[in-house]
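Residue-level structure breakdown
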Amino acid sequence: SAVISQKPSRDICQRGTSLTIQCQVDSQVTMMFWYRQQPGQSLTLIATANQGSEATYESGFVIDKFPISRPNLTFSTLTVSNMSPEDSSIYLCSARKETQYFGPGTRLLVL
Amino acid sequence: SQQGEEDPQALSIQEGENATMNCSYKTSINNLQWYRQNSGRGLVHLILIRSNEREKHSGRLRVTLDTSKKSSSLLITASRAADTASYFCATDAKGYQKVTFGTGTKLQVIP
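Below, the structure is looked at part by part. All residue numbers refer to position in the chain's written sequence, counted from 1. Whichever chain is written first becomes A and whichever ligand is written first becomes 1, with later ones labelled in order. Under the rules for a predicted model, residues below a pLDDT of 70 receive no local features and side-chain atom pairs below 80 are neither given nor counted, while totals for whole chains, interfaces and linings still include all residues. With hydrogens and water set aside, each side-chain value is computed from the structure's full complement of heavy atoms.

To continue, consider the environment of A:Ser69. All names here are of chain A. Each helix is a run of DSSP H or I of at least 4 residues and each strand a run of E of at least 2, with the numbering of both proceeding from the N terminus. Here serine 69 shows up in strand 7 (residues 68-72). In what follows, residue pairs with any heavy atoms lying within 4.5 Å of each other are defined as contacts. Excluding residues that lie within four positions of it along the chain, serine 69 makes contacts with Phe75, Ser76 and Thr77. Here threonine 77 takes part through its side chain, which lies 2.6 Å from a polar atom of the side chain of serine 69. In protein, a polar contact means a hydrogen-donor-capable atom and an acceptor-capable atom, both N or O and within 3.5 Å, with residues adjacent in sequence counting only if both atoms are side-chain atoms; elsewhere, any N or O pair within 3.5 Å suffices.

Dropping the structure here:
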C-alpha cells in the first residue's frame, strides 16, 4: 500500500497569484498523478508525473498553467499559476502501486 | 475526459436494502477499480478487478466485470447509513498507466 500526504490541505488565494501543492508518498513509486475535482464532479486527470522526465499533460491542461516537478520517487509538486476563480477546486495527488492510492486533497478557493 | 459513465447518477434507498451501481467504459482495460468518497473527504479504494476476472467479493461488496459489454457493477448488500457517499469506477486502458474516472453515483442510505 501507499500513504500519501498533501500540503496545504486548503488555501484561499487571490486571483493572479500562484500556489504550489506538495505531495509526499511514504514509499517509492514510479508513477504519480495529479487530478482535479470540481465541486460535485468526478475526478479529471491533469497530468502524469514520472521521475526524471517531463510530466505528460492531458487535453485541456498545459505546463505553463500547471507546472509539475518530480525530483525523486517519493515527492511531487503541482503549481497552479496565475489563478482565477475557475481554478477553485480540490487537487488530488495519486500514486500507482497496482492499486491507485490518493492523497487527502488540497481544497483551493480563488477569490 | 471521463472514460466511464455511471448509472444511476443518484440512488436513494432504505437501510438494509441492496444498492447496485453500474459503470460503462469505452476502451479495453487492464483493471477496473471502485472507490468511495464521503462528502468533502478523500477517496477510499474499495476493490480492484482485473480484466480476466468476472466477479470479486469483499465483505458486503460484490463487483462484476463484463469485458464484452465494457461494463461493471458494484453491489452493496444490506446497506447502512454509513454507506452514504459517492461511488466512482476508475479504469486504466490497455497500454496506459493512467487511471480515468467515471462520472460517479451518489448513494444515499436512509436510516
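Anyway, onward from the coordinates.
Moving on, we get to the environment of B:Ala78. Residue and element names in this part refer to chain B. Here alanine 78 lies in the loop between strand 8 (71-76) and strand 9 (85-93). The rule is simple: take the accessible area with a 1.4 Å probe, protein chains only, and divide by the maximum for that residue type; under 20% is buried, over 50% is exposed, in between is partly exposed. The partly exposed category is assigned to alanine 78, whose relative accessible area is 38%. Distance from alanine 78 to arginine 60, taken between C-alpha atoms, is 7.3 Å for residues 18 residues apart in sequence. For alanine 78, the contacting residues outside a window of four places in its chain are Gly16, Glu17, Asn18 and Arg60.

Our next topic: the sheet that holds strand 3 (residues 19-25) of chain A. All names here are of chain A. Taking strand neighbours across the sheet as the criterion, the four strands line up as 1-3-8-7 in an open arrangement whose pairing is antiparallel. Strands at the two margins of the open sheet, each flanked by one partner only, are strand 1 (4-7) and strand 7. In this sheet, neighbouring strand axes are inclined to one another by 20 degrees on average, regardless of whether the strands run parallel or antiparallel. As paired elements, strand 1 and strand 3 share four bridges and run antiparallel to each other. If you follow glutamine 6 over to strand 3, its bridge partner there is cysteine 23. Any two strands with at least two DSSP bridges between them are considered paired. Only C-alpha atoms enter the line fits that serve as axes; for helices the fit covers just the stretch in contact. Angles between N-to-C directions range over 0 to 180 degrees.

The term salt bridge refers to a pairing of a side-chain nitrogen on Lys or Arg with a carboxyl oxygen on Asp or Glu at a separation within 4 Å. Counted according to the given criterion, the structure contains six salt bridges over all chains. The salt bridge involving A:Arg96 is made with B:Asp92; its shortest N-O contact spans 2.7 Å. Taken together, the positions of A:Arg96 in strand 9 (residues 89-97) and B:Asp92 in strand 9 put the pair across two chains. Overall, the relative accessible area of 2% leaves B:Asp92 in the buried class. A salt bridge links B:Glu55 to B:Arg62; the nearest nitrogen and oxygen atoms lie 3.2 Å apart. Residue classification places B:Glu55 among the partly exposed positions, given a relative accessible area of 39%.

Two aromatic rings, drawn from Phe, Tyr or Trp (for Trp, its six-membered ring), form a pair once their centres lie within 6.5 Å of each other, and the interplanar angle then sorts them: stacked below 30 degrees, edge-to-face above 60, tilted otherwise. Within the structure shown, the criterion is met by eight aromatic pairs over all chains. For the pair A:Tyr35 and B:Phe101, a centre-to-centre distance of 5.6 Å together with 85 degrees between the ring planes defines the contact as edge-to-face. Of this pair, A:Tyr35 sits in strand 4 (residues 31-37) while B:Phe101 sits in strand 10 (residues 100-101), which puts the two residues in different chains. For B:Phe101, a relative accessible area of 1% corresponds to the buried category. For the pair A:Phe61 and A:Phe66, a centre-to-centre distance of 5.6 Å together with 65 degrees between the ring planes defines the contact as edge-to-face. For the pair shown, A:Phe61 and A:Phe66 are each scored as buried. A connected cluster of aromatic rings, assembled from ring pairs, spans A:Tyr35, A:Phe102, B:Tyr35, B:Phe88 and B:Phe101.

Moving on to the interface of chain B and chain A. Contacts between the two partners involve 21 residues from chain B, matched on the other side by 19 residues from chain A. The quantity reported as buried area is the accessible area (1.4 Å probe) lost by two parts once they are put together, taken as the sum for both. Roughly 1,600 Å² is buried in total at the junction of chain B and chain A, and carbon and sulfur atoms are behind 49% of that figure. It is B:Leu43, B:Gln97 and B:Lys98 in chain B that bury the most area against chain A; as a group they hold 29% of the surface buried on that side. Taken together, the connections running from chain B to chain A amount to two salt bridges. Residue B:Lys98 is joined to A:Glu58 by a salt bridge in which the shortest nitrogen-to-oxygen separation is 2.8 Å.

This is a description of form; function is not addressed.
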